[in-house]
Number of protein chains: 2
Amino acid sequence: MTDTPRSLFIDEENMALATDLYQLTMAAAYFQNSCTQRATFEMFVRKLPEHRSFLVSAGQEQVLHHLQHLRFSGPVVDFLRRHPVFKSVSPEFFDFLLEFRFQGDVWAMPEGTLVFPTEPILRVTAPIIQSQIIETYLLSHMNFQTSIASKAARLCLAAEGRAVVEFGSRRAHGPQAALLAARAAYVGGCAGTSNVLAGYLLGIPIYGTIAHSYVMSFDSETEAFRRYFNVFPENSILLVDTYDTLEGVQKALDMKVNFRGVRLDSGDLLGLSRRSRQLLDRAGLRDALIVGSGDLNEEIIFELTSHGAPIDVFGVGTELATSKDAPALGGIYKLVEEQKDSQAVPKAKFSSDKATYGGAKQAFRVSDERGKFVRDILALADEQAPRGGQPLLEQCMEGGVPVGNRGDVHATRRYVADQLGRLPGAYQRLYNAETYPVQKSPKLEEVRRELEEQYRGQPRS
Amino acid sequence: MTDTPRSLFIDEENMALATDLYQLTMAAAYFQNSCTQRATFEMFVRKLPEHRSFLVSAGQEQVLHHLQHLRFSGPVVDFLRRHPVFKSVSPEFFDFLLEFRFQGDVWAMPEGTLVFPTEPILRVTAPIIQSQIIETYLLSHMNFQTSIASKAARLCLAAEGRAVVEFGSRRAHGPQAALLAARAAYVGGCAGTSNVLAGYLLGIPIYGTIAHSYVMSFDSETEAFRRYFNVFPENSILLVDTYDTLEGVQKALDMKVNFRGVRLDSGDLLGLSRRSRQLLDRAGLRDALIVGSGDLNEEIIFELTSHGAPIDVFGVGTELATSKDAPALGGIYKLVEEQKDSQAVPKAKFSSDKATYGGAKQAFRVSDERGKFVRDILALADEQAPRGGQPLLEQCMEGGVPVGNRGDVHATRRYVADQLGRLPGAYQRLYNAETYPVQKSPKLEEVRRELEEQYRGQPRS
């Protein structure tokens, strides 16, 4: 029996525990075995989800917040100390947790950078306890926000210049996921969101007017519209499909006022948008917007835009806020290098489908003379940039202290748009896009060969 | 440029804005038009996601927290007051928001109740601004947690009595989604989770030991195992597949100690679990557990259990924490009744695929003499229970004050297990299950016919 319903909010007091238990048991094992060597981990994806030909990286800001503010509070440490799992662990470990600060170096692609498989989005170097313990929290933000920003970019491609607005809070995976989805969707190219908190916390444009229940709660559609218009004379997008879409448009026009637009939420959006446009134009409301919504995805939007549907704004909910066709991104965070006896020792896995490249890495993006992206080159972190190649990872934390400049979400959104303008069309078709080339540098391949020889050649314990 | 990275935490100070903008614009329109009538909304699903034959309702506790603590703080109201969308709205509306308290009556199925399409999971009656404004937050919790609890129940069915543990935090839709997934998975039947915060906040059992990176950071697998075992002599589940699974098992056995078990995270789990079991048994470790993990879902688990794979615990990540095959539940929250001139007026939609039943409703579950569920009957809220029928919705809030008893997650989990024991097998097969019957009462059908006649028969404005 519980009398106080729980909010299940994450906050700075408890976020250290927003992780997998094994991060903490490994920390204890490293601690008691005096494993203090610096270790480098990289976050990357092995392959793209189906129908994706690029990813828009997102979530770096929340990761940086976490690294800067990660603390193990008294109550949190007491919980761990008393938990049966930790009963054989030495008391010094809990004192260590109370003093814990992340003091590592972090290199990351600036948020919004287009990214391809095998390229590190973030690279973390710190004493191994520190670089390991942050894995789960880091991945949950990067995987989710990158999924959504990438999905948003696809939807915006399909919309061919019309606005796409994120409407999916009610289907998102809880209230925080709704907020994160709104943020990532905006970064990926959406014009805004229905999520008010995203407006409050981040200054993202917010949109929305009325629901069917509002229309139904008045004796007539006309009355519902009029009463709404009187309160929002400049911002009324009237939902016209509660009973019959075209009659709804007509009832809005019967008010003889300049409402902002109409929203069509069901039915044949192509036909209905055309006939609605005619009705609006004939009444002289050429600037009135037509918003289309209702279970939209990039395929439907593409079909509508291909047929020239006069829809100005697409509202996308479920498909966007959950990235429904690819609801989980398999981003991983892997040990790639350790310092042993002041030597950097590359580390890699060699199982058939899960092989990784050892060594701390940098990704370079090579552009042609018009600024179009030609290829990426994955290299060791200390290699020189290839001709025409720009390094993608920048240092954003040094010894636990944030460094460098970071843009806000508006700058990040412009950065995404700029890059999409430079990524040749063949790599950003909605379906059957070509694979953008990511080459490995000769040195990186050499490290891989050496690691593989060591691994195959010697008894492993 | 921003210097302070944002956490994007939801808290009591900002949660009033964790909603769609139209909830607030509709509130303003209702307020200025003096729409103070009480309105009843019901949350339900129209149809089940593919492969689901029942849902385990979850999220009620977080909804109740929200209703109890929903306030519009000063900064939040200032934000709205200054937002261009609200520029024509009267100042009194913002004063109203500052004083806002949810004062409605809420009836809900106790958390964990098995639910079928059209049945209200929650029913909210309050002045229309209050009953409308809570929609988005309510749906985001109910839709997500119900998805996950239902997915967990399926995974546990497939596991046929073996334990299923939720491992998916890194692929969940952000840190709060990870926590909510851990909670809902436990409610749905999982033995526990890797998410430590779920243990801290809710007392859910937490599990986990080591990762591949841990094994790789030592010079040999044997050394990695021994050093971990020394710190956790009673809780070492050793990950044996970093290099070669069966060699890994042998290296664990070479320690000549009683470790708790092994985890197999890749490869042919059926063959590897059998051979691992033989090795463990021959060494006398008959109690050592075998944990299987790695991209599991109910289909793979069912195949493994069908073939008698000696796996004691299944760790399920991505598929469970995102309900990957059905990542969005289409739960909706619809106006079903309004008080007008002290009369209850039922409300419904009649569009072809979105028709709803008007009137405030109760669902009754009819059991046979052995306690097995036979059918449900959806009726008006004030109808008498049919013979053998138990009402499913209970009052949990009266005038904004929580009433009734609520169990904690452990009681809720037992309640789910009890109900699954009473739901005949035909309705809970993993694939091609029969459709559990939900009948509508004659009175409910009568209301529907009347509403439809009114709607078809009269000009609508």
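The structure under discussion appears in the preceding block.
Described in the following lines is the structure provided in the data block.

Calculation rules
- Residues numbered from 1 in each chain as written.
- Chains lettered and ligands numbered in written order.
- Predicted model: local features only at pLDDT ≥ 70, side-chain atom pairs only at ≥ 80, totals over all residues.
- Heavy atoms only, no water.
- Helix = DSSP H or I, 4+ residues; strand = E, 2+ residues; numbered from the N terminus.
- Buried < 20%, exposed > 50% of the residue type's maximum accessible area, 1.4 Å probe, protein only.
- Contact = heavy atoms within 4.5 Å.
- Areas by Shrake-Rupley, 256 points an atom, 1.4 Å probe, with all protein chains shown as cover.
- Lys, Arg positive; Asp, Glu negative; His and termini not counted.
- Charge placed at Lys NZ, Arg CZ, Asp CG, Glu CD.
- Pairing = 2+ DSSP bridges.
- Axes fitted to C-alpha atoms, helices over the stretch in contact; angles between N-to-C directions.
- Polar contact = N/O pair within 3.5 Å; in protein donor to acceptor, adjacent residues only side chain to side chain.
- Buried area = accessible area lost by both parts, 1.4 Å probe.
- Salt bridge = Lys/Arg side-chain N within 4 Å of Asp/Glu carboxyl O.
- Nonpolar A, V, L, I, M, F, W, Y, C, P; charged D, E, K, R; others polar.

## Quick word on the overall build of chain A
- Each helix and strand in chain A was counted, giving 16 helices and 19 strands.
- Along the longest, intermediate and shortest principal axes, the C-alpha atoms of chain A span 80 × 65 × 35 Å.
- Looking at chain A as a whole, 62% of its 461 residues qualify as buried.
- Look at the contacts in chain A between residues 6 or more apart in sequence, and 72% of them connect residues 24 or more apart.
- For chain A, the accessible surface area stands at approximately 16,900 Å², while carbon and sulfur atoms represent 46% of it.
- Of the charged side chains in chain A, 51 are positive and 56 negative; the average position of the first set lies 2 Å away from that of the second.

## A look at the sheet that holds strand S14 (residues 361-367) of chain B
All names here are of chain B.
- An order of S16-S14-S15-S19 is seen for the four strands of this open sheet, with the pairing classed as mixed. For this open sheet the edge positions go to strand S16 (389-391) and strand S19 (438-440), each flanked by a neighbour on one side alone. Within the sheet, the average angular offset between the axes of one strand and its neighbour, ignoring direction, is 30°.
- Looking at chain direction, S14 and S16 are connected through three bridges and run antiparallel. Counterpart to phenylalanine 364 in the pairing with S16 is proline 391.

## Observations regarding the side chain of Ser73(B)
Residue and element names in this part refer to chain B.
- Inspection of the secondary structure puts serine 73 in the loop between helix H2 (60-69) and helix H3 (74-82).
- On the accessibility criterion, serine 73 (12% relative accessible area) is buried.
- At 3.3 Å, the side chain of serine 73 forms a polar contact with the backbone oxygen of glutamate 13.
- Discounting chain neighbours no more than four positions away, the residues touching serine 73 are Glu13 and Leu98.

## Quick word on the interface of chain A and chain B
- Contacts between the two partners involve 132 residues from chain A and, on the opposite side, 132 residues from chain B.
- In terms of surface lost to chain B, no three residues of chain A exceed Leu8(A), Arg170(A) and His173(A), which account for 8% of the buried area on that side.
- Linking chain A to chain B there are eight salt bridges.
- The shortest N-O distance in the salt bridge between Lys340(B) and Asp219(A) comes to 3.8 Å.
- The interface formed by chain A and chain B holds 44 residue pairs in polar contact (both at pLDDT 80 or more) in total.
- Looking at the side of chain A that touches chain B element by element, the count peaks at 10 residues for helix H1 (residues 21-32) of chain A.
- Here the residues of the side of chain A that touches chain B sort into 61 nonpolar, 42 polar and 29 charged.

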